[in-house]
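# Structural overview
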Amino acid sequence: MRLTTKGRYAVTAMLDLAMNAESGPISLADISKRQEISLSYLEQLFARLRRAGLVGSVRGPGGGYLLAMAPNEITVARVIQAVNESVDSTRCGGLSDCQQGDTCLTHHLWCELSEHIHDFLEQVTLGQLAGREEILEIASRQRGRRDDGILASTL
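The structure reproduced in this document is the subject of the present report. Not measured: the values here are computed from a predicted model. (Residues numbered from 1 in each chain as written. Predicted model: local features only at pLDDT ≥ 70, side-chain atom pairs only at ≥ 80, totals over all residues. Heavy atoms only, no water.)

### A short note on the environment of Gly64
Along the chain, Gly64 turns up in strand β2 (residues 64-67). Remark: the alpha-carbon pair of Gly64 and Ile31, spanning 33 residues in sequence, is separated by 10 Å. Each residue touching Gly64, except ones within four places of it in the same chain, is listed here: Pro25, Ile26, Ser27, Gly56, Ser57 and Val58. (Helix = DSSP H or I, 4+ residues; strand = E, 2+ residues; numbered from the N terminus. Contact = heavy atoms within 4.5 Å.)

Written out as C-alpha coordinates, the structure reads:
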(Lines give C-alpha, C1' and ligand atoms only; values in the text may rest on other atoms or scores of the structure.)
Protein backbone atom coordinates (compact mmCIF):
# COMPACT_ATOMS: atom_id res chain seq x y z
CA MET A 1 0.00 0.00 0.00
CA ARG A 2 1.40 3.39 -0.92
CA LEU A 3 -0.21 5.55 1.73
CA THR A 4 2.79 7.62 2.73
CA THR A 5 3.46 10.16 5.44
CA LYS A 6 1.89 12.85 3.26
CA GLY A 7 -1.53 11.17 3.29
CA ARG A 8 -1.33 10.21 6.96
CA TYR A 9 -0.31 13.71 8.03
CA ALA A 10 -3.02 15.31 5.89
CA VAL A 11 -5.71 13.17 7.54
CA THR A 12 -4.27 13.83 11.00
CA ALA A 13 -4.12 17.59 10.43
CA MET A 14 -7.65 17.72 8.99
CA LEU A 15 -8.99 15.72 11.93
CA ASP A 16 -7.23 18.10 14.33
CA LEU A 17 -8.83 21.00 12.47
CA ALA A 18 -12.27 19.38 12.70
CA MET A 19 -11.89 18.68 16.41
CA ASN A 20 -10.76 22.20 17.29
CA ALA A 21 -13.01 24.17 14.93
CA GLU A 22 -15.30 25.45 17.70
CA SER A 23 -12.62 27.97 18.69
CA GLY A 24 -12.55 29.57 15.23
CA PRO A 25 -9.74 29.54 12.70
CA ILE A 26 -6.87 27.25 13.71
CA SER A 27 -3.27 28.19 13.03
CA LEU A 28 -0.95 25.68 11.44
CA ALA A 29 1.46 26.38 14.31
CA ASP A 30 -1.15 25.03 16.77
CA ILE A 31 -1.71 21.91 14.67
CA SER A 32 2.05 21.51 14.35
CA LYS A 33 2.51 21.57 18.12
CA ARG A 34 -0.39 19.24 18.93
CA GLN A 35 0.38 16.69 16.22
CA GLU A 36 4.17 17.06 16.13
CA ILE A 37 4.20 17.69 12.38
CA SER A 38 6.65 20.12 10.83
CA LEU A 39 5.11 23.54 10.19
CA SER A 40 6.67 23.78 6.73
CA TYR A 41 5.24 20.37 5.84
CA LEU A 42 1.78 21.46 7.02
CA GLU A 43 2.03 24.59 4.88
CA GLN A 44 2.63 22.44 1.81
CA LEU A 45 -0.25 20.11 2.67
CA PHE A 46 -2.69 22.92 3.40
CA ALA A 47 -1.91 24.62 0.10
CA ARG A 48 -3.12 21.42 -1.61
CA LEU A 49 -6.09 21.02 0.73
CA ARG A 50 -7.13 24.61 0.00
CA ARG A 51 -6.86 24.10 -3.77
CA ALA A 52 -9.04 21.00 -3.39
CA GLY A 53 -11.69 23.09 -1.62
CA LEU A 54 -11.45 21.25 1.70
CA VAL A 55 -10.21 24.19 3.79
CA GLY A 56 -10.42 27.95 3.72
CA SER A 57 -8.05 30.45 5.26
CA VAL A 58 -8.60 33.57 7.33
CA ARG A 59 -5.89 36.23 7.27
CA GLY A 60 -4.79 38.57 9.99
CA PRO A 61 -4.66 38.37 13.77
CA GLY A 62 -6.62 35.38 14.95
CA GLY A 63 -6.45 33.94 11.46
CA GLY A 64 -5.83 30.39 10.43
CA TYR A 65 -7.68 27.62 8.66
CA LEU A 66 -11.26 26.38 8.78
CA LEU A 67 -12.92 23.40 7.17
CA ALA A 68 -14.67 24.47 3.98
CA MET A 69 -17.60 22.13 4.71
CA ALA A 70 -19.06 20.13 7.55
CA PRO A 71 -16.80 17.36 8.95
CA ASN A 72 -19.43 14.76 8.02
CA GLU A 73 -19.07 15.77 4.36
CA ILE A 74 -15.29 15.24 4.19
CA THR A 75 -14.19 11.66 3.69
CA VAL A 76 -10.74 10.35 4.53
CA ALA A 77 -10.38 9.24 0.90
CA ARG A 78 -11.03 12.78 -0.31
CA VAL A 79 -8.35 14.19 2.01
CA ILE A 80 -5.83 11.63 0.77
CA GLN A 81 -6.67 12.37 -2.85
CA ALA A 82 -6.37 16.12 -2.24
CA VAL A 83 -2.69 15.77 -1.37
CA ASN A 84 -2.09 13.67 -4.48
CA GLU A 85 -1.84 10.39 -2.66
CA SER A 86 -3.30 7.12 -3.78
CA VAL A 87 -4.17 3.97 -1.95
CA ASP A 88 -2.56 1.49 -4.26
CA SER A 89 -1.43 -1.99 -3.24
CA THR A 90 0.16 -2.89 -6.58
CA ARG A 91 3.86 -2.58 -7.34
CA CYS A 92 3.10 -1.14 -10.76
CA GLY A 93 0.84 1.71 -9.71
CA GLY A 94 -2.10 -0.02 -11.36
CA LEU A 95 -0.48 0.14 -14.82
CA SER A 96 -0.42 -3.65 -15.30
CA ASP A 97 3.25 -3.63 -16.23
CA CYS A 98 4.45 -5.32 -13.07
CA GLN A 99 6.37 -8.15 -14.70
CA GLN A 100 8.66 -6.86 -17.43
CA GLY A 101 5.86 -4.88 -19.04
CA ASP A 102 3.15 -7.50 -18.50
CA THR A 103 0.60 -8.12 -15.79
CA CYS A 104 1.92 -10.25 -12.94
CA LEU A 105 0.14 -13.27 -11.52
CA THR A 106 -1.29 -11.43 -8.49
CA HIS A 107 -1.98 -8.04 -10.09
CA HIS A 108 -5.77 -8.38 -9.95
CA LEU A 109 -5.66 -9.44 -6.30
CA TRP A 110 -3.75 -6.28 -5.34
CA CYS A 111 -6.06 -4.13 -7.47
CA GLU A 112 -9.08 -5.54 -5.64
CA LEU A 113 -7.41 -4.87 -2.28
CA SER A 114 -6.78 -1.27 -3.34
CA GLU A 115 -10.45 -0.90 -4.29
CA HIS A 116 -11.59 -2.27 -0.90
CA ILE A 117 -9.28 0.10 0.96
CA HIS A 118 -10.48 3.06 -1.11
CA ASP A 119 -14.14 2.08 -0.58
CA PHE A 120 -13.55 1.84 3.17
CA LEU A 121 -11.84 5.24 3.37
CA GLU A 122 -14.59 6.75 1.19
CA GLN A 123 -17.12 5.77 3.86
CA VAL A 124 -15.23 7.23 6.83
CA THR A 125 -15.71 10.95 7.46
CA LEU A 126 -13.85 13.38 9.67
CA GLY A 127 -17.07 13.85 11.60
CA GLN A 128 -17.29 10.14 12.37
CA LEU A 129 -13.68 10.04 13.50
CA ALA A 130 -14.08 13.17 15.62
CA GLY A 131 -16.94 11.53 17.51
CA ARG A 132 -15.08 8.34 18.43
CA GLU A 133 -14.39 8.04 22.14
CA GLU A 134 -10.78 6.95 21.81
CA ILE A 135 -10.03 9.87 19.51
CA LEU A 136 -11.73 12.32 21.88
CA GLU A 137 -9.51 11.01 24.70
CA ILE A 138 -6.36 11.45 22.62
CA ALA A 139 -7.39 15.00 21.62
CA SER A 140 -8.03 15.84 25.27
CA ARG A 141 -4.58 14.54 26.22
CA GLN A 142 -2.97 16.57 23.43
CA ARG A 143 -4.75 19.76 24.53
CA GLY A 144 -3.71 19.11 28.14
CA ARG A 145 -0.09 18.58 27.13
CA ARG A 146 -0.14 21.85 25.23
CA ASP A 147 -1.78 23.69 28.15
CA ASP A 148 0.86 22.26 30.51
CA GLY A 149 3.56 23.54 28.17
CA ILE A 150 2.05 27.02 28.16
CA LEU A 151 1.83 27.05 31.95
CA ALA A 152 5.38 25.81 32.32
CA SER A 153 6.73 28.44 29.93
CA THR A 154 5.01 31.29 31.81
CA LEU A 155 6.40 30.33 35.25
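### A short note on the packing of aromatic side chains
Here the structure, examined in full by the defined rule, presents two aromatic pairs. With 5.7 Å between their ring centres and 90° between their planes, Tyr9 and Tyr41 make a pair best called edge-to-face. Here Tyr9, found in helix α1 (residues 5-19), pairs with Tyr41, found in helix α3 (residues 39-51); they are 32 residues apart in sequence, far enough to count as distant. Of the residues examined, Tyr9 reaches a relative accessible area of 31% and is grouped as partly exposed. (Phe/Tyr/Trp six-rings, centres within 6.5 Å; stacked < 30°, edge-to-face > 60°. Buried < 20%, exposed > 50% of the residue type's maximum accessible area, 1.4 Å probe, protein only.)

### Digging into a negative patch on the surface
Taken together, the side chains of Glu112, Glu115, Asp119 and Glu122 present a region of like negative charge at the surface. With respect to the element layout, Glu112 can be found in helix α5 (residues 107-122). Residue Glu112 is classed as partly exposed on the basis of its relative accessible area of 46%. (Patch = residues over 30% accessible without salt bridge, like charges linked within 9 Å, V, L, I, M, F, W, Y side chains within 5 Å. Areas by Shrake-Rupley, 256 points an atom, 1.4 Å probe, with all protein chains shown as cover. Salt bridge = Lys/Arg side-chain N within 4 Å of Asp/Glu carboxyl O. Lys, Arg positive; Asp, Glu negative; His and termini not counted. Charge placed at Lys NZ, Arg CZ, Asp CG, Glu CD.)

Just distances and angles here, no functional claims.
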